[in-house]
4 protein chains.
Amino acid sequence: MKFNVSAQMTYDVRSAGTLILNIHALRTPTQAVLEETLTVDPYLKVEELFAVNGENRIIRLEVPEKSIVQIAYEATVDNDFEVKNHTSREEIMVGKMDPAVLPYLYPSRYCQSDKLFRLANNLFGHIANPFEKVVTLANWINKNVEYRSGFSNAQTSAYDTVTEQAGVCRDFAHLGIALCRALTIPARYYTGYAYQLKPGDFHACFEAYIGDEWILFDATRLVPLNGLIKIATGRDAADTAIANIFGDILFTSMQVKCELADENFEPFYY
Amino acid sequence: MKFNVSAQMTYDVRSAGTLILNIHALRTPTQAVLEETLTVDPYLKVEELFAVNGENRIIRLEVPEKSIVQIAYEATVDNDFEVKNHTSREEIMVGKMDPAVLPYLYPSRYCQSDKLFRLANNLFGHIANPFEKVVTLANWINKNVEYRSGFSNAQTSAYDTVTEQAGVCRDFAHLGIALCRALTIPARYYTGYAYQLKPGDFHACFEAYIGDEWILFDATRLVPLNGLIKIATGRDAADTAIANIFGDILFTSMQVKCELADENFEPFYY
Amino acid sequence: MKFNVSAQMTYDVRSAGTLILNIHALRTPTQAVLEETLTVDPYLKVEELFAVNGENRIIRLEVPEKSIVQIAYEATVDNDFEVKNHTSREEIMVGKMDPAVLPYLYPSRYCQSDKLFRLANNLFGHIANPFEKVVTLANWINKNVEYRSGFSNAQTSAYDTVTEQAGVCRDFAHLGIALCRALTIPARYYTGYAYQLKPGDFHACFEAYIGDEWILFDATRLVPLNGLIKIATGRDAADTAIANIFGDILFTSMQVKCELADENFEPFYY
Amino acid sequence: MKFNVSAQMTYDVRSAGTLILNIHALRTPTQAVLEETLTVDPYLKVEELFAVNGENRIIRLEVPEKSIVQIAYEATVDNDFEVKNHTSREEIMVGKMDPAVLPYLYPSRYCQSDKLFRLANNLFGHIANPFEKVVTLANWINKNVEYRSGFSNAQTSAYDTVTEQAGVCRDFAHLGIALCRALTIPARYYTGYAYQLKPGDFHACFEAYIGDEWILFDATRLVPLNGLIKIATGRDAADTAIANIFGDILFTSMQVKCELADENFEPFYY
């Protein structure tokens, strides 16, 4: 299914500094970037780098002097989302896991799975099937955590959200990841463009590693899973921030879009 | 300088499970493993893997049934520690950093640098030279944090230690890393064998990335820097745990040694 | 029902300091102290004070010099525990509550009810009857929190326990209090002697204010409610610490007993 | 010195509920309420109560139905602030303190003095004179904590502020209290009207108990100490909230004023 995605961001650069942006659609076996353009005004040299395990596409801009910098990214992306029956996937024991996956079992800044061990096992430990386990915990988050803009902030972590029970997509994702890891299921943060997200914005959800494959989950249930365009994955939001700012640079505005460039979209959710 | 290092660990495995151990000396341009042996009793298949960015040497053991498992690692390692003048190193701007280094600027489970931003800059922001900045913050930790066994636990983080001001080597390292990152200096956790550490144990310290090189710091000042044998580096202790245990397995005992296998050791500290 | 209670404590006083102890049985309309003795060796002047709202009996000892101080308290106490039907009690609206009770609605050091608001209401908000609400939440704690010595420490609070789900009587009580307050039910910490507690120790539980009366609850279910002898109540453990130590004084040992001095004890639990 | 103080608050009451307000000027030996009026529109029965140790004047309003409630308080208050030399005050040992003061040594919801023990003693333990100790710590807060609206929220505590080093008057006060208690100096939260505070608002500062008297400190240094009109004191903001709301009631607006009703005001700060 094809989508046109775009992000426009404006920064007020008060003195020389560096911007690292994570807004490019990823190229993966199931996601093709058909075309894309990046415009930076005023003109600045843009480095495209591969970051965090060499997998995510990031851009780095050195801004040499005081200026208003406008960045515009546009792409047409074909997202080959396949609806599969995941309930037949078997749990993979740690002894058999690909070593590259092991770090996604460890606690991270916003996903303190070490602290959620008992809670996760008390709530979900009795579910044998790994896919059902993650579906159940995502539904539990959806039911118990209130989606509420402005409730949380950049420091809010899964340890907060599990008790305070309110937050935004980022918080829902962090809690999903922390619960998975506490259940010995590798899990990672996913940022992307999202079709039908209102108002338009970047979206965050998570992937759990079940039976040798990363499966996408969205505890917010705000958008169909087959309308997501992947930007990046990482241990949590610290790895995949849309923007990392170094220097006296203020974010001033942003506009994010994701529109269908195809026909016959059938929304899909678990 | 050559050292004989060894670690003996015993686990009471109550039912089938997996052990991941991070006890092998690393092979690096400045550290040569001259010989090493690993013994597991009873005999178990041992997988040697490269974990966390493919850099650390870890072993994975699947224990198929209830048993007492004894692991013994011994190695002779030549550590080519060079005393250099680091004060001439210049600060590298984020815009010029190797992308592989960027994740070591981000906050992690035990190093919440995002929360220490103002404190780090209030205390150390005025120091221009990057090496002196890190030496000063390590000395500040050494002066203000009391080394005290049993004060902290597996969940203690830099955010706790900066206020509670007591802990063990792990806590000193986490605080050093968090302060560096808050000052836009990449930093990572280091575990190793340590000559003259009493009682014998694994040791933790940290590396800061200054002028294109990772420089070793030890805020505890418990051992000479040239008596350290590197096992692993990572974002924090979550990446480099000596042991990750999956299943009903109890750690029962450990003995760690690091002895000089050379002559004329001159202890070195900053 | 009569009980003989006793507490023997030893302190290693390294230099002049002050001890405040909260070990005397309280005198209340339903608890009579029939006889009691307090011995301090070596002899020290003991002040008996009324602390925390003038209600708790505390003793204050100034220790003038280095010494080993032994304190022995013994009492025979008649605890008139009446089994009542509390389900007929109606919820008292805040607008009608005795003003002296209002502070027990506010969050305190170890009972951050402000952070548990959504969780408490999601879990228990649907229960109309106030007594059943508290019984249900106490049972929920009992089911989900593992009683485990050494898991928590002096800084552990309800906010930790609600997620980490392990702790001791103090943690069970703090969580019960925090949940009650989050549901607009005044609640306070209770310390006491406990018949049939093994091994012998001080015990902690909590009281909830339902229909103009403080009702006792024990989420640990370790001891019968009619075997408890009240020492003190307060906002949380900070108000009712068995000992507050000022100066270089080490606690070295303690022995606590509570024995039946009557016949025909019928254990009672909700 | 006489001041005219006023507070106007509007609440959108969506269904029957209770409001508890803490906006009346306190009557103390050094503060006389010369005249005051309270208007509630629409007319509602107002109970005036004494809360938190029977000392603070609070009002309780039961709002029986959906309505917009406007509350207006006006008073003329004479604040007899005496400039004294407090450096001659001696430290009072715990063994000699009035028992009513002891709870102000204990940690509370927003002032976790137990966690700041080492930090407080490392920074200020060497200062012998108790008044100078508190002046120094208040100046340290003023220097290191940035006054910044919107940085903190209702859950922010001294444990956060000591590291994050930004906040509003409430956070400055909580940190001052926590540091005092960690140094065995009783301390309490103070809310009041403040002359020359811009924009007009309620203000928060703290009192430390030095030499048998509560002395006022303001780590923000935003207003002169002799322009403060006391509303309430308590363990921290939890005890002295301007408003406690029970039910579906929204705060919609507030206007607070404090104007000089006298001549020849000489601003005073430590």
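Residues numbered from 1 in each chain as written. Chains lettered and ligands numbered in written order. Predicted model: local features only at pLDDT ≥ 70, side-chain atom pairs only at ≥ 80, totals over all residues. Heavy atoms only, no water.

A. Local environment of the overall build of chain A. What chain A contains, in helices and strands, is five helices and 14 strands. Its C-alpha atoms give chain A a radius of gyration of 19 Å, near enough to 18 Å, the size a compact globule of 270 residues would have. On the principal axes, the C-alpha backbone points of chain A span a range of 55 × 40 × 35 Å. When each of the 270 residues of chain A is scored for burial, the buried share is 60%. Across chain A, contacts joining residues at least 24 apart in sequence account for 75% of those joining residues at least 6 apart. For chain A, the accessible surface area stands at approximately 10800 Å², while carbon and sulfur atoms represent 47% of it. Charge-centre separation for chain A: the mean point of 24 positive side chains lies 5 Å from the mean point of 34 negative side chains. (Helix = DSSP H or I, 4+ residues; strand = E, 2+ residues; numbered from the N terminus. Rg over C-alpha atoms; globule rule 2.2 N^0.38 Å. Buried < 20%, exposed > 50% of the residue type's maximum accessible area, 1.4 Å probe, protein only. Contact = heavy atoms within 4.5 Å. Areas by Shrake-Rupley, 256 points an atom, 1.4 Å probe, with all protein chains shown as cover. Lys, Arg positive; Asp, Glu negative; His and termini not counted. Charge placed at Lys NZ, Arg CZ, Asp CG, Glu CD.)

B. Up close: the sheet that holds strand 5 (residues 56-63) of chain C. All names here are of chain C. Across the sheet, four strands lie side by side as 4-5-2-13; this open sheet has antiparallel pairing. Looking at the sheet topology across the chains shown, the edges are occupied by strand 4 (46-51) and strand 13 (243-246). On average, each strand axis in the sheet is inclined to that of its neighbour by 20°, with strand direction left out of account. Pairing between strand 2 (residues 17-21) and strand 13: four bridges, direction antiparallel. Across the sheet, Leu21 pairs through a bridge with Ala243, a residue of strand 13. (Pairing = 2+ DSSP bridges. Axes fitted to C-alpha atoms, helices over the stretch in contact; angles between N-to-C directions.)

C. Geometry of the interface of chain D and chain C. Contacts between chain D and chain C engage 34 residues on the former and 34 residues on the latter. For the pairing of chain D and chain C, the buried interface totals around 2800 Å² over both sides, and the portion due to carbon and sulfur atoms is 54%. Looking only at chain D, the three residues that lose the most surface to chain C are D:Arg60, D:Tyr106 and D:Arg109, adding up to 21% of its buried area. Between chain D and chain C we count six salt bridges in total. For D:Lys96, the salt bridge is made with C:Glu62, and the minimal N-O distance between the two is 3.4 Å. Elements with a contribution of two residues or more to the side of chain D that touches chain C: strand 2 (17-21), strand 4 (46-51), helix 1 (52-55), strand 5 (56-63) and strand 13 (243-246) of chain D. Classifying every residue of the side of chain D that touches chain C gives 17 nonpolar, eight polar and nine charged. (Buried area = accessible area lost by both parts, 1.4 Å probe. Salt bridge = Lys/Arg side-chain N within 4 Å of Asp/Glu carboxyl O. Nonpolar A, V, L, I, M, F, W, Y, C, P; charged D, E, K, R; others polar.)

D. Just the pattern of salt bridges, in detail. Enumeration according to the criterion identifies 54 salt bridges over all chains in this entry. A salt bridge links C:Glu213 to C:Lys84; the nearest nitrogen and oxygen atoms lie 2.8 Å apart. With a gap of 129 residues between them, C:Glu213 in strand 11 (residues 213-217) and C:Lys84 in the loop between strand 6 (67-79) and helix 2 (117-124) connect regions that are remote in the sequence. D:Arg60 serves as the salt-bridge partner of D:Glu47, at 2.8 Å between the closest nitrogen and oxygen. You can see D:Glu47 sitting in strand 4 and its partner D:Arg60 sitting in strand 5, a full 13 residues away along the chain. Bridged by salt links that share partners, the residues A:Arg27, A:Glu36, A:Glu48 and A:Arg57 form one connected network.

E. The arrangement of the nonpolar core in detail. Judged by nonpolar contacts, the single largest core of 110 residues is most densely connected at B:Leu179, B:Phe217, D:Ile141, D:Leu175, D:Leu179 and D:Phe217. If you look at the next biggest cluster of nonpolar residues, it comprises 109 residues, including A:Ile20, B:Tyr106, C:Leu49 and C:Val134. (Core = buried A, V, L, I, M, F, W, Y, C linked by side-chain atoms within 4.5 Å.)

F. Local environment of the relation of the copies chain B and chain A. Mapping chain B onto chain A is achieved by rotating through 180° and translating by 0.0 Å along the same axis, at an RMSD of 0.0 Å. Both chain copies can therefore be described as sitting about a two-fold axis. Using C-alpha coordinates, one finds that chain B approaches the rotation axis most closely at B:Arg109, a distance of 1.9 Å. A shared binding surface is used by both copies, with 100% of the interface residues of chain B retained as interface residues in chain A. (Least-squares fit on C-alpha atoms with pLDDT ≥ 70 in both.)

G. Just helix 2 (residues 117-124) of chain D, in detail. Along helix 2 of chain D, the positions that sit buried rather than exposed are D:Arg118, D:Leu119, D:Ala120 and D:Phe124. Here the buried face of helix 2 of chain D lies against strand 7 (146-147), helix 4 (158-164) and strand 8 (166-167) of chain B together with helix 3 (130-144), helix 4 (158-164) and helix 5 (169-182) of chain D.

H. Representation of the interface of chain B and chain A within the structure. Taken together, the 34 residues of chain B in the interface contact 34 residues of chain A. Summing the contributions of chain B and of chain A, the shared interface buries around 2800 Å²; its carbon and sulfur component is 55%. In this assembly, chain B and chain A are joined by six salt bridges. The interface formed by chain B and chain A includes 14 residue pairs in polar contact (both at pLDDT 80 or more). (Polar contact = N/O pair within 3.5 Å; in protein donor to acceptor, adjacent residues only side chain to side chain.)

I. Region of interest: the sheet that holds strand 12 (residues 228-234) of chain B. Residues and elements named next belong to chain B. Overall, antiparallel pairing links the four strands, which are arranged 11-10-9-12 in an open sheet. Two strands lie at the open edges of the sheet, namely strand 11 (213-217) and strand 12, each paired on one side alone. Across the sheet, the axes of successive neighbouring strands diverge by a mean angle of 35°, strand direction being ignored. Pairing of strand 9 (residues 187-194) with strand 12 involves six bridges; the strand directions are antiparallel. Each bridged residue has a counterpart across the sheet, and for Tyr190 the counterpart in strand 12 is Thr233. Contacts between helix 5 (residues 169-182) and the sheet are confined to strand 9 and strand 10 (202-210), with strand 10 contributing the most and set at about 10° to the helix.

J. Quick look at the domain arrangement of chain A. Residues and elements named next belong to chain A. Each assigned domain of chain A is listed here: domain 1 (2-80 + 243-260) and domain 2 (86-234). Taking only C-alpha atoms into account, the centre of domain 1 sits 25 Å from that of domain 2. Summed over the three residues of domain 1 that lose the most area to domain 2, namely Phe3, Val256 and Cys258, the buried surface amounts to 30% of that side. Our enumeration of links across domain 1 and domain 2 arrives at zero salt bridges. Where domain 1 touches domain 2, the interface holds six residue pairs in polar contact (both at pLDDT 80 or more). For the side of domain 1 that touches domain 2, the elements supplying multiple residues, two or more each, are strand 1 (2-13), helix 1 (52-55), strand 6 (67-79) and strand 14 (249-260). Among the elements that line the side of domain 1 that touches domain 2, the one with the most residues is strand 14, at six residues. In terms of residue class, the side of domain 1 that touches domain 2 is built from 13 nonpolar, seven polar and three charged. (Domains from an automatic or database assignment.)

K. Looking closely at the UniProt feature "domain: Transglutaminase-like" (unreviewed entry) in chain A. The UniProt feature table records "domain: Transglutaminase-like" (unreviewed entry) at residues 161-221 of chain A. Each end of residues 161-221 of chain A is marked by a C-alpha atom, and these two atoms are 17 Å apart; helix forms 30% of the span and strand 39%. (UniProt positions renumbered as here; feature names shortened; annotations may be inferred.)

L. Here's a closer look at the state of the cysteines. A full pass over the atoms with the stated rule returns zero disulfides over all chains. Here C:Cys258 is not cross-linked by a disulfide; its sulfur's nearest cysteine counterpart is in C:Cys205, at 12 Å. (Disulfide = S-S within 2.5 Å.)

M. Molecular detail of a nonpolar patch on the surface. Residues and elements named next belong to chain A. Taken together, Ile245, Phe251 and Met254 make up a surface patch of nonpolar side chains, about 240 Å² in accessible area. Along the chain, the position of Ile245 falls in strand 13 (residues 243-246). For Ile245, a relative accessible area of 32% puts it in the partly exposed group. (Patch = residues over 30% accessible without salt bridge, like charges linked within 9 Å, V, L, I, M, F, W, Y side chains within 5 Å.)

N. Local environment of the packing of aromatic side chains. Using the criterion set out here, one finds 66 aromatic pairs over all chains in the structure. Here D:Phe217 and D:Tyr270 contribute two aromatic rings whose centre-to-centre distance is 5.4 Å and whose plane-to-plane angle is 45°, an arrangement assigned as tilted. With D:Phe217 in strand 11 (residues 213-217) and D:Tyr270 in the segment after strand 14 (249-260), the pair connects residues that are 53 residues apart, well separated along the chain. Within the aromatic cluster, the residues linked to one another by ring pairs are A:Phe81, A:Phe131, A:Phe206, A:Phe217, A:Phe268 and A:Tyr270. Stacked on the ring of C:Tyr159, the Lys or Arg C:Lys115 has its end atom at 4.2 Å from the ring centre. (Phe/Tyr/Trp six-rings, centres within 6.5 Å; stacked < 30°, edge-to-face > 60°. Lys NZ or Arg CZ within 6 Å of the ring centre and 35° of its normal.)

O. A look at the relation of the copies chain D and chain C. Laying chain D over chain C is done by rotating through 180° and shifting 0.0 Å along the axis; what remains is an RMSD of 0.0 Å. Most of the interface of chain D is mirrored in chain C: 100% of its interface residues are interface residues there too.

P. Expanded view of the environment of A:Phe202. Residue and element names in this part refer to chain A. Relative to the elements of secondary structure, Phe202 occurs in strand 10 (residues 202-210). A relative accessible area of 8% places Phe202 in the buried class. Residues within four places of Phe202 in sequence aside, it is in contact with Ala7, Ile23, Cys169, Gly192, Tyr193, Leu197, Ile231, Ile242, Met254 and Val256.

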